[in-house]
Amino acid sequence: MTEPSNPAVDAHDVSYAVDAAQLLDRIDLRAERGQFVGLIGPNGAGKSTLLKAISRILRYQAGAVWLEGADLASLSAKEVATTLALVPQIAPYTQGFTAFELVVMGRYPHLGRFQVEGTADSRIAREAMELTETDEFSTRTLETLSGGERQRVFLARAVAQQPRILLLDEPTSNLDILHQLKILTLVKELVDEHLTAVAAIHDLNLAARFCDRLVLLNRGRVVTEGAPAEVLTPATIESTFGVTAAVHPDPATGTLMISLIAPADEARRAPRAVGRTADSPATARVGGERDEPAGAVG
Amino acid sequence: MGVVARLAIGASILAVLVLGVGLVSLSMGPVNIPTSHVAWIVVSSLGVDTPDFGRTEQLVIEQIRLPRIIVGASVGMALGVAGATMQGLFRNPMADPGIIGVSAGGALGAVIAIATGMAGAFLLALPLFAFVGATAAAFLVYGIAAVGGHFSMATLLLAGVAVNAFLGAVVSAIVLFLPDNEALREILFWLAGGLDARSWEHVRIATPLIVAGTAVLLLMARDLNLLMLGDDEARSMGVRVGVTRAVLLSAACLGTGAAVAVSGTIAFVGLVTPHVLRLIMGPDNRVLIPLSALGGAAFVILADTVARTIIQPAEFRVGVLTAFVGAPFFILLLIRNKRQVYSL
């Protein structure tokens, strides 16, 4: 076991490129144990890619990642899978598996080669489904579920995996407002108990409300990081997202509230637009800048 | 129902089916032998003291029908598990063992053995050539897909199609320029796939390879479950994707290569068997692969029994029969289950 003082996730100088596209450019990321860290930034900022690098789905080409003080490169695939779990952004092929069958797969990294999941594993899977309110469709195949329901099933599987670090890639992207709140509240509760969570989140209001710390990424680099109030200022939102915004305390919840006013005009973004003069005004909207390169999501 | 329960029920039913079909098959043929005699003779060949039914019956069963049925069962098993594995790896219900080139490669090997006269020279030349052809073709297809250290299943599929077409053309070219009509007949006969005159020699060369390949696939079924969900998914659940995929493909190729070597190309078993079982038992490969082994065995023994008794004293080719029966059945299934078969 490692020293408890080691951060859960500690990434140094992590770089990753596909062909000429530098998707991660010397990124540093630190998540202390029991923290909920939010990754924010426009499309193509490198949020998904960073999560994949930390979970070793892709191999970064430079830098190092330490999980609880252990070098990620020195861990076996199974050790990684029992330390952290990733909830994917888009649930890929589901092949006729039922929701319960999928959730129970979260137990695979804990089983030996000749083992089949036992009653304890089934119980853990069922509890995970209750927590995520997916138990009602446990016998349905994933094809018959909506995008949001499917996303919750994949979260249930990650919970059943019993990781110490939970990585979430846009966990609320397909969810209705009720389940956005419920799922993020659940993640927050898990974090309060024992977990560390790192989540890529598009909705700045949700990020401000639920995360302990935010890391703002843009074009594969860390722009700034810190408490939500330090990161989410009208100036940083305008310079990274190209959107004029107002930030004020939410009268109802007491957390930050970000009001998006309008796309900042082209002239004021000029320093950022060097070499990208072909951009039409339409591509400057929030989230409309650039799609995640195929290599990062595939 | 849990994995173990589903497996136990499915496997019991199919094991009884395999044994039943096997016993019936042993009793049928030019010499009809009562199944009670058959059972005793099989038991006696294991070294147990039993009543004597005369030399003829014993010889027919021990030297002719039993090895043929064991070869048939092995071939069915190899095709069934390889089909299930390919459908999982390609995340596609239309995949079959031939997709990685084993059938076409085996055919080329066999054709070379026959055309050069090697097959006539000694008994095992043909299966040996076919096996080498089958595995070489599969490695070629895999090599193309893995070129540059960047493996892609889509490239594997396309490389399989291209290599299959190319090897098919080579076979056609050899057949066209073959001066000897007898050899031509032999080739056509082999290509149709059959189990005639299979001996204990064939059992000895094919069955151990098939059992080994099947055992590996059974052990890796759980990893295949995760691979079916996508490479990233599998990786994040602790599967070493590259190694696992290579081992799965090699094991499937070993088994099918051995099967093709002793039976030629038997169509549809590898496609239909796992497909039908998946509709009944669900997609979990830990259930599907063992049941495909038993189901494939039952399918081939049954088809072979029909093939060799339906137009006595002549024999029908089992490879033709499986396609005759398998294809319409499969189409019926597709129509009936249109909504359940996964969307592509």
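Cut-offs used in this document
- Going along each chain's sequence as written, the residues are numbered from 1 onward.
- Chain labels run from A onward and ligand labels from 1 onward, assigned in the order the entries are written.
- pLDDT decides what is reported in this predicted model: residues at 70 or higher carry local features, side-chain atom pairs at 80 or more are listed and counted, and totals for whole chains, interfaces and linings draw on all residues regardless.
- Note that the side-chain values use all heavy atoms of the structure and ignore hydrogens as well as water.
- Pairs of strands are assigned from DSSP output, requiring at least two bridges between the strands.
- Put simply, DSSP marks the helices as runs of H or I at least four residues long and the strands as runs of E at least two long, and each gets a number from the N terminus on.
- Between the N-to-C directions of two axes lies an angle of 0 to 180 degrees, each axis being a line fitted to C-alpha atoms and, for a helix, fitted only over the stretch in contact.
- Contact criterion: two residues are considered in contact whenever any of their non-hydrogen atoms come within 4.5 Å of each other.
- Put simply, two rings from Phe, Tyr or Trp (the six-membered ring, in Trp's case) pair if the centres are within 6.5 Å, and we call them stacked under 30 degrees between planes, edge-to-face over 60, tilted for the rest.
- The buried label goes to any residue with under 20% of its type's maximum accessible area, the exposed label to any with over 50%, and the partly exposed label to all in between, with areas taken from a 1.4 Å probe on protein chains only.
- Over a ring means this: the NZ of a Lys or the CZ of an Arg is within 6 Å of the ring centre and within 35 degrees of the ring normal.
- Summed over both partners, the accessible area (1.4 Å probe) lost when two parts come together is defined as the buried area.
- Only one rule defines a salt bridge in this text: a Lys or Arg side-chain nitrogen within 4 Å of an Asp or Glu carboxyl oxygen.
- Polar contacts, as used here, are pairs of N or O atoms within 3.5 Å; protein pairs need one atom able to donate a hydrogen and one able to accept it. Residues neighboring in sequence count only if both atoms are side-chain atoms.
- Amino acids are sorted into nonpolar (Ala, Val, Leu, Ile, Met, Phe, Trp, Tyr, Cys and Pro), charged (Asp, Glu, Lys and Arg) and polar (every other residue, Gly among them).

Caption draft 1: Broad picture of the sheet that holds strand 9 (residues 213-218) of chain A. Residue and element names in this part refer to chain A. Taken in spatial order, the six strands make up an open sheet running 6-7-8-3-9-10, and their pairing is mixed. Single-partner strands in this sheet number two, and they are strand 6 (84-87) and strand 10 (221-226). This sheet shows a mean twist of 15° between the axes of neighbouring strands, independent of strand direction. Summarising the sheet, strand 7 (residues 165-169) and strand 8 (residues 196-200) pair through five bridges and their orientation is parallel. Residue pairing across strands places L168 opposite A199, the latter belonging to strand 8. Packing of helix 5 (residues 147-160) onto the sheet brings it into contact with strand 6 and strand 7, and relative to strand 6 it is tilted by some 175°. Contacts from helix 6 (residues 177-193) reach strand 3 (36-40), strand 7 and strand 8 within the one sheet, and its direction differs from that of strand 3 by about 135°.

Caption draft 2: Quick look at the packing of aromatic side chains. Taken as a whole and judged by the stated rule, the model has three aromatic pairs over all chains. With 6.1 Å between their ring centres and 70° between their planes, F268 of chain B and F330 of chain B make a pair best called edge-to-face. Of this pair, F268 of chain B sits in the loop between helix 12 (241-263) and helix 13 (269-281) while F330 of chain B sits in helix 15 (residues 318-336), and the two are 62 residues apart along the sequence. Judged by its relative accessible area of 22%, F268 of chain B is partly exposed. Ring geometry for F316 of chain B and F324 of chain B: centres 6.2 Å apart, planes at 20°, overall stacked. Geometry around Y108 of chain A places R222 of chain B over its ring, the cationic atom sitting 5.5 Å from the centre. Note that R317 of chain B overlies the ring of F189 of chain B, its terminal NZ or CZ placed 3.5 Å from the centroid.

Caption draft 3: Just helix 10 (residues 221-228) of chain B, in detail. Residue and element names in this part refer to chain B. When you tally the buried positions in helix 10, you get eight out of eight residues, the bulk of the element. Along helix 10, the residues that are buried comprise A221, R222, D223, L224, N225, L226, L227 and M228. Tucked inside the fold, the buried residues of helix 10 contact helix 3 (55-89), helix 9 (200-219), helix 11 (231-236), helix 12 and helix 14 (285-309). Just beyond helix 10, the residue with positive phi is G230, at close to 120°.

Caption draft 4: Geometry of the interface of chain B and chain A. Each partner contributes residues to the interface: chain B has 24 residues there, and chain A has 32 residues. Between chain B and chain A, the buried area comes to about 2,400 Å², and carbon and sulfur atoms account for 57% of it. Looking only at chain B, the three residues that lose the most surface to chain A are R222, L229 and M237 of chain B, adding up to 28% of its buried area. The closest approach of N and O atoms between D232 of chain B and K52 of chain A, which form a salt bridge, is 3.3 Å. One can count 12 residue pairs in polar contact (both at pLDDT 80 or more) joining chain B with chain A. Put simply, the parts of the chain that give the side of chain B that touches chain A at least two residues each are helix 1 (3-27), helix 10 and helix 11 of chain B. Sort the elements by how many residues they give to the side of chain B that touches chain A and helix 10 of chain B lands first, with five residues. Per-class residue counts for the side of chain B that touches chain A are 10 nonpolar, four polar and 10 charged.

Caption draft 5: Region of the structure containing the environment of R213 of chain A. Residues and elements named next belong to chain A. When you line up the elements, R213 lands in strand 9. Residue R213 is classed as buried on the basis of its relative accessible area of 16%. Distance in space between the C-alpha atoms of R213 and E32 is 10.0 Å, their sequence separation being 181 residues. Residues within four places of R213 in sequence aside, it is in contact with R30, A31, Q35, F36, V37, G38, E225 and G226. In this structure the side chain of R213 is engaged in a polar contact, spanning 2.7 Å, whose partner is the backbone oxygen of R30. A distance of 2.3 Å separates polar atoms of two side chains, one belonging to R213 and the other to E225.

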